[in-house]
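# Secondary and tertiary structure notes
Residues per chain are reported as follows:
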Amino acid sequence: MNRDNATTIFDSLSSGVRLDAWRLLVKAGNEGKVAGEMAKEMGIAPNALSFHLKAMLHAGLVSVEQQGRFLRYRANITLMMDLIKYLTEECCGEDTQASCHPSQLNTLCKQADK
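Quick look at the structure, then. What you see is a predicted model; the values in this text were computed from it and never measured.

### Let's talk about the sheet that holds strand 3 (residues 70-75)
In spatial order, the strands read 1-3-2; together these three strands make up an open sheet with antiparallel pairing. If you trace the sheet from one side to the other, it starts and ends with strand 1 (33-34) and strand 2 (62-67), each paired once. Sheet topology places strand 2 next to strand 3; six bridges connect them, and they run antiparallel. What sits directly across from Gln67, in strand 3, is Phe70. Across the sheet, helix 4 (residues 46-59) is in contact with strand 2 and strand 3; its angle to strand 2 comes to roughly 120°.

Shown next as structure tokens:
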């Protein structure tokens, strides 16, 4: 991850619709969601959602798979974790035992889920 990649991702998520779509896809996990289902759940027109999903696809935030006449989207969780790592790589300096150190990220995420 570098600054340009991070900027592209943040640009892609700077829309409320895209942020909502991202959160919906994260919630769906590996199963993902068909674009039409997403549009219905989000209460927006399918063509408007397609515009936003295309921007997210360009940024690498989502992947898409053709399933018959439907498009199934999935969140790229690995990319988001790389972004979090990039944002926090300097956190807490060299104190690897500090709770804010990137090496502790998985522990923090598990605690937040409780």
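### A look at the environment of Ile44
In this fold, Ile44 is placed in the loop between helix 3 (35-42) and helix 4. Considered as a pair, Ile44 and Val17 are 27 residues apart in the sequence and their alpha carbons are 8.9 Å apart. Setting aside anything within four residues of it in sequence, one finds Ile44 in contact with Val17, Ala39 and Leu49.

### What about helix 4?
An ideal rise of 1.5 Å per residue puts 20 Å on 14 residues; helix 4 measures up with 20 Å between its terminal C-alpha atoms. Within the sequence span of helix 4, burial applies to Leu49, His52, Leu53, Met56 and Ala59. Taken end-on, helix 4 shows its buried residues confined to a sector of 110°, consistent with a single buried face. Seen from the buried face of helix 4, the exposed residues on the opposite side, beyond 90 degrees, are Asn47, Phe51, Lys54 and His58. One or two residues past the end of helix 4 sits Gly60, with phi positive at roughly 85°.

### Concerning the pairing of strand 3
Successive side chains on a regular strand alternate, one facing one side of the sheet and the next facing the other. Bridge count for strand 1 against strand 3 is two bridges, and the pairing is antiparallel. Each residue of the ladder has a partner; that of Lys33, found in strand 3, is Tyr73.

### Structural notes on the pattern of salt bridges
The full count for this structure, using the stated rule, is two salt bridges. In this structure, the salt-bridge partner of Lys33 is Glu41, at a minimum N-O distance of 2.6 Å. Its relative accessible area of 47% is what places Glu41 among the partly exposed residues.

Reading guide: rules and limits
- Residues numbered from 1 in each chain as written.
- Predicted model: local features only at pLDDT ≥ 70, side-chain atom pairs only at ≥ 80, totals over all residues.
- Heavy atoms only, no water.
- Pairing = 2+ DSSP bridges.
- Helix = DSSP H or I, 4+ residues; strand = E, 2+ residues; numbered from the N terminus.
- Contact = heavy atoms within 4.5 Å.
- Axes fitted to C-alpha atoms, helices over the stretch in contact; angles between N-to-C directions.
- Expected span 1.5 Å × (residues − 1).
- Buried < 20%, exposed > 50% of the residue type's maximum accessible area, 1.4 Å probe, protein only.
- Arc of directions from axis to C-beta.
- Salt bridge = Lys/Arg side-chain N within 4 Å of Asp/Glu carboxyl O.

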